[in-house]
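Descriptive analysis of the structure
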Amino acid sequence: MNAIVSRKREPRLQLREVLDWLIEDGLLRNEDAREFAAPSQRTGEPPPHPISLIAQQGWPDARAPLQRMLTAESLTQWLAGRTGLGYQRIDPLVIDVTQVTAVVPYAYAARLRILPIKVTAQQVSIATSEPFVDEWAEELGRIAGKRIERVLANPEEIQRYLIEFYALSRSVKASAVERGRMTPSGVQNLEQLTELGRAGKLDANDQHVVNIVDWLLNYAFEQRASDIHIEPRRELGNVRFRIDGQLHEVYQVPGAVMVAVISRLKILARLDVAEKRKPQDGRMKTRSPDGREIELRASVLPTAFGEKLVLRIFDPEVLVKDYSALGLTAEDRARWESMIRQPHGIILVTGPTGSGKTTTLYSTLKQLATPAVNVCTIEDPIELVEPAFNQMQVQANIDLNFADGVRALLRQDPDIIMVGEIRDLETAEVAIQAALTGHLVLSTLHTNDAPSAITRLLDLGVPSYLIRATLLGVVAQRLLRRLCPHCRHAVEVSETRWRELTRDASSTPPNSIYESVGCLECRETGYLGRVGAYEILNNTATLAPLIDAGTDLALLRAQALSEGMSPLRISGARKIAAGLTSVDEVLRTTPDPPAAT
């Protein structure tokens, strides 16, 4: 679209002219624009940006009224094309807040409603929502000694991040100054650094530190992070978020400030702030910006340059899902429900750390926990406090382990018992004993696939006849990153590539699969969210006789496959065919299946 020809006009955008442009370009119906009247403004307050006012109306895009709305983001993209400026969506994860806020003073940026978003040796990129207001660019270029690139961005995002970035920068600088008054700079060795860490005087309840922690937690919730990593280094500490299974660097904090931030989080998690030599675990509860209660588990570990803290985020909306949201197909769901609807027996969920085992178990227990049954859990630690369950935590310091916990739960008249993890023979024996005495037991193991869970129990020393009598089935699972729906596109797949994936010469590839190139919605990663891949083994009357002390794992797997078990790789291939994930993601995440015979 051609840029607008320069003409005599007000520098700032006017509501009426933007409405006229939208009608002219076919995005807005004439009758909608005629009926719209701008709200009155209080004296002295700056008027809202026209884009924000129009976006608040909830109008459909007249070009596709059933599919798209005129949001602030889509309107900004349209305006960029109409005025000839480049469009930029503000992604806080890729912005160096310390660097960009040093370029322009807050008062100057707030007055002009501009936000620096990228600084290089030769250029500063600055986001604006006023395409025709540019007199500041020349002045700022002289002050910064760099070329100024103007890009158009969502006015609501500019206003929000203008406040957030500068508030965060002020808090970090103020904390660093306070700390700097009390500790010398130029730490050269580990011994000096750890001693300085012990001697630090910056108060963890200082308002600047509180602001930094509040921003960190809110930002993590907004970005859908599952974990926050706060990692000390020699000079600067790193803050990283795990999003969709991948770590992203978010911010770098001066080492002195990081000590205070970690102390603040330790206080919130009810940990011993003075203890810096031993690992500690705790938990806290907070609210997200939209009011949802969220629990966080804190783990502190002493490292070479100080304490490293990891916060695991347990969002009830993420941790407890229905079966379709988990990624179970209709066939998977039928096999899974055939197990969990049994009155007694043991069900195992296997997979590595971070494969979604806890989500599967909690989602299942939530559906089973009716007023008619007593659901009890023994966990290490309790992942999410759920009112529908009776939950107990392992306490190693008073010799309360999984096995003792299950024995205690058996005296509580339970119907369903969830054991956090089977780690040893004692726990396996009491779990199986509970299954033998008429209880439904769910637990986890760490194995690569479902059949390996049976051999793992045998390796622990569980008699084969007890496994045959109590095991209802095993579910192995992985989490696959979901293709971004905004930038995925169909591509052809060759038979060779498909058969390399499935390891099955008779497998027929779909006509096309999906790949993604990355976009603003997924921060150029190509993925947005995750979906589960499942391998479900039912212990049937024909499979059970194969379980003995000398079980042949290959024979066990072959029998399970003949009875309908789909390997993890094949489950992933079905997700590819459904357009949910990519070939590379399945190959990266799932183990190689045995070759078809």
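Computed from a predicted model, the values in this text were never measured in an experiment.

Details of the overall build of the chain
- Tallying secondary structure elements over the chain gives 23 helices and 19 strands in all.
- In the chain, which comprises 597 residues, the share counted as buried stands at 50%.
- Sequence separation of at least 24 residues holds for 65% of the intrachain contacts in the chain that already meet a minimum separation of 6.

Comments concerning the pairing of strand β6 (residues 236-243)
- Both strand β5 (residues 227-231) and β6 contribute to a ladder of five bridges, which runs antiparallel. Bridge pairing in β6 links I230 to V239.
- In this structure, the hairpin formed by β5 and β6 is closed by a connection of four residues.
- Relative to strand β7 (residues 246-254), β6 runs antiparallel, the two being bridged by eight bridges. By the bridge assignment, R240 is partnered in β7 with E249.
- Hairpin geometry of β6 and β7 is characterised by an intervening segment of two residues between the two adjacent antiparallel strands and by a positive phi of about 55 degrees at D244.

Focus: the sheet that holds strand β13 (residues 390-393)
- Read from one edge of the open sheet, seven strands run β13-β12-β14-β15-β11-β16-β19, paired in mixed fashion. Only two strands of the sheet have a single neighbouring strand rather than two, namely β13 and β19 (527-538). Between one strand and the next, the sheet's axes are offset by a mean angle of 20 degrees, whatever the strand orientation.
- Note that strand β12 (residues 375-379) and β13 share four bridges and pair parallel.

Describing the environment of Y161
- As for its position among the elements, Y161 is in helix α8 (residues 155-180).
- Expressed as a C-alpha distance, the spacing of Y161 and P92, which sit 69 residues apart in the sequence, is 8.2 Å.
- For Y161, the contacting residues outside a window of four places in its chain are I90, P92, L115, Y166 and E222.

Quick notes on helix α15 (residues 357-368)
- With twelve residues, α15 ought to run about 16 Å at 1.5 Å a step, and its terminal C-alpha atoms sit 17 Å apart, in line with that.
- Counting buried positions along α15 yields nine of twelve residues, so the element is predominantly enclosed.
- Every buried residue of α15 is listed here: K357, T359, T360, L361, Y362, S363, T364, L365 and L368.

Observations concerning the sheet that holds β7
- Strand order in the open sheet made by the six strands is β7-β6-β5-β10-β9-β8, with antiparallel pairing throughout. A strand with exactly one partner marks an edge of an open sheet, and here the two such strands are β7 and β8 (280-287). With strand direction ignored, the average angle separating the axes of adjacent strands in the sheet is 20 degrees.
- Of the strand pairs in this sheet, strand β9 (residues 293-303) and strand β10 (residues 306-314) are connected by nine bridges, and their pairing is antiparallel.

Regarding the UniProt feature "domain: Bacterial type II secretion system protein E" (unreviewed entry) in the chain
- Residues annotated by UniProt as "domain: Bacterial type II secretion system protein E" (unreviewed entry) correspond here to residues 410-424.
- Note that residues 410-424 is 0% helix and 27% strand, and that its end C-alpha atoms are spaced 19 Å apart.

With respect to the packing of aromatic side chains
- Enumeration according to the criterion identifies seven aromatic pairs in this entry.
- Here the aromatic rings of W21 and F132 are separated by 6.4 Å at their centres, their planes lie at 70 degrees, and the arrangement is edge-to-face. Here W21 is found in helix α1 (residues 15-24), whereas its partner F132 is found in the loop between β3 (123-128) and α7 (135-144), with 111 residues between them in sequence.
- Taking the relative accessible area as the measure of exposure, F132 reaches 24% and is therefore partly exposed.
- Among the aromatic residues, those joined into a ring-pair cluster are W215, Y219, F241 and Y251.
- For the cation-ring pair, R481 lies above Y527, with the distance from its terminal atom to the ring centre recorded as 4.1 Å.
- Of note, R488 hangs over the ring of Y514, and the distance from its end group to the ring centre comes to 4.1 Å.

Here we look at helix α18 (residues 450-460)
- Among the eleven residues of α18, nine are classified as buried, and the element is accordingly described as predominantly covered.
- Every buried residue belonging to α18 is among A450, P451, S452, A453, I454, T455, L457, L458 and L460, and all of these are buried.
- Immediately beyond the C-terminal end of α18, within one or two residues, lies G461, with a positive phi of roughly 110 degrees.

Digging into the pattern of salt bridges
- A complete count under the given rule lists 30 salt bridges for this structure.
- Close ionic contact of R423 with E421 constitutes a salt bridge, the shortest N to O distance being 3.3 Å.
- Judged by relative accessible area, which is 40%, R423 ranks as partly exposed.
- One salt bridge connects D449 with R557, and the closest N-O pair in it is separated by 2.6 Å. Residue D449 is located in the loop between β15 (440-445) and α18, and its partner R557 is located in helix α21 (residues 553-562); the two are separated by 108 residues in the primary sequence.
- Each of R283, K285, R287, E293 and E295 takes part in one network of salt bridges that share partners.

Brief notes about unusual backbone geometry
- A cis geometry characterises the amide bond from D380 onward to P381, with omega recorded as -5 degrees.
- Tracing the backbone shows P381 in the loop between β12 and β13.
- A positive phi angle, near 55 degrees, is found at R113, a position not held by glycine.
- In this fold, R113 is placed in the loop between α6 (106-112) and β2 (114-119).
- With a phi close to 60 degrees, R270 is a non-glycine residue in the positive phi region.
- Inspection of the secondary structure puts R270 in the loop between α11 (255-268) and β8.

Details of the packing of helix α20 (residues 495-502) against helix α22 (residues 568-577)
- Relative to each other, α20 and α22 sit at 140 degrees, their axes nearing to 9 Å. Only R569, I570, A573, I576 and A577 of α22 make contact with α20, whose side of the interface consists of W498, L501 and T502.
- For the contact of α20 with α22, a count of residues per class yields six nonpolar, one polar and one charged.

Considering the nonpolar core
- By size, the foremost hydrophobic cluster in this structure holds 65 residues, and its most contacted members are W136, I228 and F241.
- No other element matches helix α10 (residues 207-222), which puts nine residues into this core.
- Contact partners of I228, with chain neighbours within four places excluded, come to L216, L217, A220, V239, R240, F241, L309, V310, L311 and I313.
- Grouped together as the second largest cluster of nonpolar side chains are 39 residues, I422, I432, A435 and V462 included.

Reading the values: the criteria
- Residues numbered from 1 in each chain as written.
- Predicted model: local features only at pLDDT ≥ 70, side-chain atom pairs only at ≥ 80, totals over all residues.
- Heavy atoms only, no water.
- Helix = DSSP H or I, 4+ residues; strand = E, 2+ residues; numbered from the N terminus.
- Buried < 20%, exposed > 50% of the residue type's maximum accessible area, 1.4 Å probe, protein only.
- Contact = heavy atoms within 4.5 Å.
- Pairing = 2+ DSSP bridges.
- Axes fitted to C-alpha atoms, helices over the stretch in contact; angles between N-to-C directions.
- Expected span 1.5 Å × (residues − 1).
- UniProt positions renumbered as here; feature names shortened; annotations may be inferred.
- Phe/Tyr/Trp six-rings, centres within 6.5 Å; stacked < 30°, edge-to-face > 60°.
- Lys NZ or Arg CZ within 6 Å of the ring centre and 35° of its normal.
- Salt bridge = Lys/Arg side-chain N within 4 Å of Asp/Glu carboxyl O.
- Nonpolar A, V, L, I, M, F, W, Y, C, P; charged D, E, K, R; others polar.
- Core = buried A, V, L, I, M, F, W, Y, C linked by side-chain atoms within 4.5 Å.

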